[in-house]
Amino acid sequence: MAELMKIVYITISSDVTTVSDSTMISTASYLASFCARARFVDTESIREVVSGLLNWAIFYIQQESYNRNKLFYSVTQAVFYIMCYRGKHIIQNQRHDHTEDDPFHISAEKFQFLFSCPRLNPLHHCLSSVREEFIMLSKEFGLVPADALISKEVMKKKRLTAIKISTPSSAGTKNQLGGIRSQVKVSNPLESFFPFDP
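Residues numbered from 1 in each chain as written. Predicted model: local features only at pLDDT ≥ 70, side-chain atom pairs only at ≥ 80, totals over all residues. Heavy atoms only, no water.

## Quick word on the overall build of the protein chain
Phase 1 of the analysis: Counting its secondary structure elements, the protein chain contains seven helices and two strands.
Phase 2 of the analysis: Ordered by position in the sequence, the α and β elements of the protein chain form the string α-α-α-α-α-α-α-β-β.
Phase 3 of the analysis: Looking at the 198 residues of the protein chain, the share that counts as buried comes to 50%.
Phase 4 of the analysis: Accessible surface, the protein chain: about 10,000 Å² in total, of which carbon and sulfur atoms supply 54%. (Helix = DSSP H or I, 4+ residues; strand = E, 2+ residues; numbered from the N terminus. Buried < 20%, exposed > 50% of the residue type's maximum accessible area, 1.4 Å probe, protein only. Areas by Shrake-Rupley, 256 points an atom, 1.4 Å probe, with all protein chains shown as cover.)

This is the structure in structure tokens:
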């Protein structure tokens, strides 16, 4: 199973032009959905995936080419989606077991770097249900700088253009590992899908 996630991650982070961005975007959705939903996947494997995706996104920002923004937004949304379900557990366990010199350490600084470029705010391009749930998690653990949080006016505008899609849990309840809260109208700017959602 770890080998499968490694192959999927390599596909996402590939610079080879034979793999289209649309394939990489779909791969990011599958990887996120699998990591978020498969309860048999251990926390260490999830932490490695999140760390790898974060590192790819940070590298993309540092390159300053900005020619694959949709892929960047899809990868960051995949990270946020996984964190909605598994983030609290990852962060709480990591605080006890891991140090800053751990190559897979998930730090607030890594998340905050995603918002260091004013031109790219990944929260603006997220599925609204993922964005709202991730913002709640980020407030608890200080993952997003306060100035990067989306204003209520922007969120209202995005809701006006919302389409109805199914989100993972129902009736406003969260499962034990965390997750997305309800089935409501949400905006879906990346036309995302998470194939393992019920």
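## Some words on the nonpolar core
Phase 1 of the analysis: Counting 52 residues, the largest nonpolar core has F80, M83, F111, L114, F134 and L143 as the members making the most contacts within it.
Phase 2 of the analysis: If you list the elements that add at least two residues to this core, you get α2 (21-37), α3 (43-63), α4 (69-97) and α6 (128-141).
Phase 3 of the analysis: Ranked by the residues each element gives to this core, the list is headed by α4, at 14 residues. (Core = buried A, V, L, I, M, F, W, Y, C linked by side-chain atoms within 4.5 Å.)

## Concerning the environment of S107
Phase 1 of the analysis: Here S107 lies in the loop between α4 and α5 (108-113).
Phase 2 of the analysis: Note: C-alpha distance between S107 and L143 (36 residues apart in sequence) is 7.9 Å.

## Some remarks on the confidence of the model for the protein chain
Phase 1 of the analysis: Mean pLDDT over the protein chain: 74, with 64% of residues reaching 70 or higher.
Phase 2 of the analysis: Low pLDDT (under 50) marks residues 159-178, which in the prediction has 44 contacts with non-local residues, meaning those over four places away or in another chain.
Phase 3 of the analysis: Low pLDDT (under 50) marks residues 181-185, which in the prediction has 18 contacts with non-local residues, meaning those over four places away or in another chain. (pLDDT = per-residue confidence, 0-100. Contact = heavy atoms within 4.5 Å.)

## Points about the pattern of salt bridges
Phase 1 of the analysis: All chains considered together, the criterion is met by two salt bridges.
Phase 2 of the analysis: A salt bridge links E140 to K88; its shortest N-O distance comes to 3.5 Å. Here K88 lies in helix α4 and E140 lies in helix α6, a separation of 52 residues in the sequence.
Phase 3 of the analysis: Judged by relative accessible area, which is 35%, K88 ranks as partly exposed. (Salt bridge = Lys/Arg side-chain N within 4 Å of Asp/Glu carboxyl O.)

## Some thoughts on the packing of aromatic side chains
Phase 1 of the analysis: Tallied over the full model, the rule gives eight aromatic pairs.
Phase 2 of the analysis: For the ring pair Y81 and Y85, a centre distance of 5.2 Å and an interplane angle of 55° mean the geometry is tilted. Remark: Y85 and Y81 occur in helix α4; sequence separation between them is four residues, near one turn of the helix. The pair formed by Y81 and Y85 is uniform in burial state, with each residue classed as buried.
Phase 3 of the analysis: Relative to F134, the ring of F111 lies with its centre 5.7 Å away and its plane at 35°, an arrangement referred to as tilted. Separated by 23 residues along the polypeptide, F111 in helix α5 and F134 in helix α6 bring together distant segments of the chain. F134 matches F111 in its accessibility class, with the two residues each being buried.
Phase 4 of the analysis: One aromatic cluster in this structure is built from W56, Y60, Y66, F72 and Y73. (Phe/Tyr/Trp six-rings, centres within 6.5 Å; stacked < 30°, edge-to-face > 60°.)

## Observations concerning unusual backbone geometry
Phase 1 of the analysis: Positive phi outside glycine occurs at E64, with the angle close to 55°.
Phase 2 of the analysis: The backbone of Y66 shows a phi angle near 50°, a positive value even though the residue is not glycine.
Phase 3 of the analysis: Mapped onto the elements of the fold, Y66 is located in the loop between α3 and α4.
Phase 4 of the analysis: Residue Y66 is classed as buried on the basis of its relative accessible area, which comes to 15%.

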